[in-house]
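Coordinate analysis (summary)
Read off the chains here:
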Amino acid sequence: MSKIANARRNGRIRRHRRVRKKIHGTATRPRLAVFRSNKHITVQVIDDDAGTTLVAASSTESEQRAAGSGASTDAATRVGQLVAERASAEGITQVVFDRGGYAYHGRIAAVATAARAAGLEF
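Rules of the game
Position numbers for residues start from 1 in each chain and track the written sequence from start to end. In keeping with the model being predicted, local features are shown solely for residues with a pLDDT of at least 70 and side-chain atom pairs are shown and tallied solely at 80 or more, while totals for entire chains, interfaces and linings include all residues. Remark: hydrogens and water are excluded; side-chain values derive from all non-hydrogen atoms of the structure. In this scheme, strands are said to pair when DSSP sees at least two bridges between them. Put simply, DSSP marks the helices as runs of H or I at least four residues long and the strands as runs of E at least two long, and each gets a number from the N terminus on. Inter-axis angles, ranging from 0 to 180 degrees, are taken between N-to-C directions of lines fitted to C-alpha atoms, where helices are fitted over the stretch in contact. Residues enter a patch when their relative accessible area is above 30% and they make no salt bridge; the linking distance is 9 Å between like charges and 5 Å between nonpolar side chains (Val, Leu, Ile, Met, Phe, Trp, Tyr). Per-residue accessibility takes into account occlusion by the displayed protein chains alone, with areas from the Shrake-Rupley method and a 1.4 Å probe. By salt bridge we mean one thing: a side-chain nitrogen of Lys or Arg within 4 Å of a carboxyl oxygen of Asp or Glu. In this count, Lys and Arg are taken as positive residues and Asp and Glu as negative ones, while His and the chain termini are left out. To locate a charge, take NZ of a lysine, CZ of an arginine, CG of an aspartate or CD of a glutamate. Only Phe, Tyr and Trp rings are paired, with Trp represented by its six-membered ring, and only when their centres lie within 6.5 Å; those with planes under 30 degrees apart are stacked, over 60 edge-to-face, the remainder tilted. Three labels apply to residues, based on accessible area from a 1.4 Å probe with only protein chains included: buried if under 20% of the type maximum, exposed if over 50%, partly exposed otherwise in between.

1. Concerning the sheet that holds strand 1 (residues 31-36)
One open sheet accounts for four strands, arranged 3-2-1-4; its pairing is mixed. Of all strands in the sheet, those with a lone pairing partner are strand 3 (52-58) and strand 4 (96-98), marking the two edges. For this sheet, the mean inter-axis angle between neighbouring strands, taken without regard to orientation, is 20 degrees. Strand direction decides the pairing type here: strand 2 (residues 41-47) and strand 3, joined by six bridges, are antiparallel. The residue bridging Ile-46 from the neighbouring strand is Thr-53, located in strand 3.

2. Observations regarding a positive patch on the surface
Where like charges cluster on the molecular surface, the positive patch consists of Arg-14, Arg-15, Arg-18, Lys-21 and Lys-22. With respect to the helices and strands, Arg-15 occurs in helix 1 (residues 3-20).

3. Some points on the packing of aromatic side chains
One pass over the full model with this rule turns up two aromatic pairs. Each ring, one from Phe-97 and one from Tyr-104, has its centre 6.1 Å from the other, and the planes form 90 degrees; the classification is edge-to-face. Among the residues examined, Phe-97 registers a relative accessible area of 16% and is labelled buried. Look at Phe-97 and Phe-122: their rings are 5.2 Å apart centre to centre, the planes differ by 15 degrees, and that puts the pair in the stacked class.

Honestly, that's just the spatial picture; any functional story needs more than this.
See below:
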């Protein structure tokens, strides 16, 4: 890993730790955590008290792979809608958004917007 890439990664991890000090998911209001790689995006709804993932969706799933690239805002929108539908099926309506240290822009914002449009409240 180059020096610049390593510095960016460490910066994101520092930001994520700082955000996680304040954000905590419970059974009534779990945490919607987003992970973004260069090729894919993964979203989980997590109950931090129990330490369990309640719902998850990713652009690595076979249906999402067939729909197109996993590294686009379109893929992020599809994943956001999918996680909101799965959360609604589990009876989850309110979540706390955890952007994972990433800037609230592009694919991260697309996930949040799609999840809100599909019925999740942040």
